[in-house]
Amino acid sequence: MADDKPRDPKDLIPRQSLVQYEPPIEMNQNSDMSRLMGGKKKASLPPLESKPSTEDILNAILPPREWDQDGKHFIQYVSHASASREDVANLQKTLDERLLARQARETGICPIREELLSQCFDEIIRQVTINCPERGLLLMRVRDELKMTIAAYQTLYNASVTFGMRKQLQSEQGKSDLEDKITALEQKKIKLEEKKIDLMNKKDSLEKKIKERNLIEEQKRKNEIEFLKYQGQHLEAFLKSVQPDLKGQ
């Protein structure tokens, strides 16, 4: 299986960041274990009432990085050195160079640009925290709120995409059902039209027969009327010829 293959230790080395870090420290299981555990505990933000040191606040805002390489465990804390104007200018220059090197998009959604700008913001927070820890904590709140907002938008986007896909599948399924219904109705229409044509032919045939029968009966009545008229005329003439003889007797 692919999961059983040994992973390259270089893959575990963290990516180069815009945040300034101290040189990495190699940790061993004996002498440095207490320091490692102490560094992990500093990941939680100490209360301001206890007057924590700048180092504690920095380690809480920007936790140390840890990785394994060649069977050794390393930890790297964020730098506590203050930044100068030249450092800020170099930060902007480095940001532009890495945006160009990693081919980040200038507009729209771009994970690379988002990652680099997030690192740049963390470095600015580091620089501000060294000079004024309170401002660093406020910037940390702003950073966390922005991350929460972006995460909420991403969740909303994913939900909308899922909803859109579901609606599209439903519409396609409904479209298929409607197409089948249309096909069935068209076939029914064809059968009804054929039945209509057959009934119309029967109707025409019956009308023709009825018309012919009416003509025959009408002609028959005319013949009977003419015969009765003819017979009446003969009877009337016969009666006229018989009346003088009856008067003479």
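In case you missed it, the structure is sitting above this.
Residues numbered from 1 in each chain as written. Predicted model: local features only at pLDDT ≥ 70, side-chain atom pairs only at ≥ 80, totals over all residues. Heavy atoms only, no water.

K.L.:
Sorry if this is basic, but what is going on with the side chain of Gln119 here?
P.N.:
Looking at where Gln119 falls in the secondary structure, it is placed in helix α4 (residues 111-131). Under the relative-accessibility criterion, Gln119 is labelled buried at 11%. For Gln119, the contacting residues outside a window of four places in its chain are Gln16, Ser17, Leu18, Val19 and Arg98. (Helix = DSSP H or I, 4+ residues; strand = E, 2+ residues; numbered from the N terminus. Buried < 20%, exposed > 50% of the residue type's maximum accessible area, 1.4 Å probe, protein only. Contact = heavy atoms within 4.5 Å.)

K.L.:
Even after reading the chapter, I still don't get unusual backbone geometry, so can you show me in this structure?
P.N.:
Negative phi is the rule for most residues except glycine; trans is the rule for most peptide bonds. Phi is positive for Asp70, close to 55°, though the residue is something other than glycine. Checked against the element boundaries, Asp70 lands in the loop between β2 (65-69) and β3 (72-76). Classification of Asp70 as exposed rests on a relative accessible area of 59%.

K.L.:
What is the right way to look at the packing of helix α2 (residues 54-61) against α4 in this model?
P.N.:
With their axes 10 Å apart at the nearest point, α2 and α4 run at an angle of 160° to one another. The angle between α2 and α4 falls in the class roughly antiparallel. Considering how the two elements wind past one another, α2 and α4 form a crossing that is right-handed. Contacts from Thr54, Ile57, Leu58 and Ile61 in α2 reach Ile125, Arg126, Thr129 and Ile130 in α4. Its residues assigned to classes, the contact of α2 with α4 shows five nonpolar, two polar and one charged. (Axes fitted to C-alpha atoms, helices over the stretch in contact; angles between N-to-C directions. Parallel < 35°, antiparallel > 145°, perpendicular 65-115°, else oblique. Left-handed = near helix turned anticlockwise from the far one by under 90°. Nonpolar A, V, L, I, M, F, W, Y, C, P; charged D, E, K, R; others polar.)

Nothing here speaks to function; it is all geometry.
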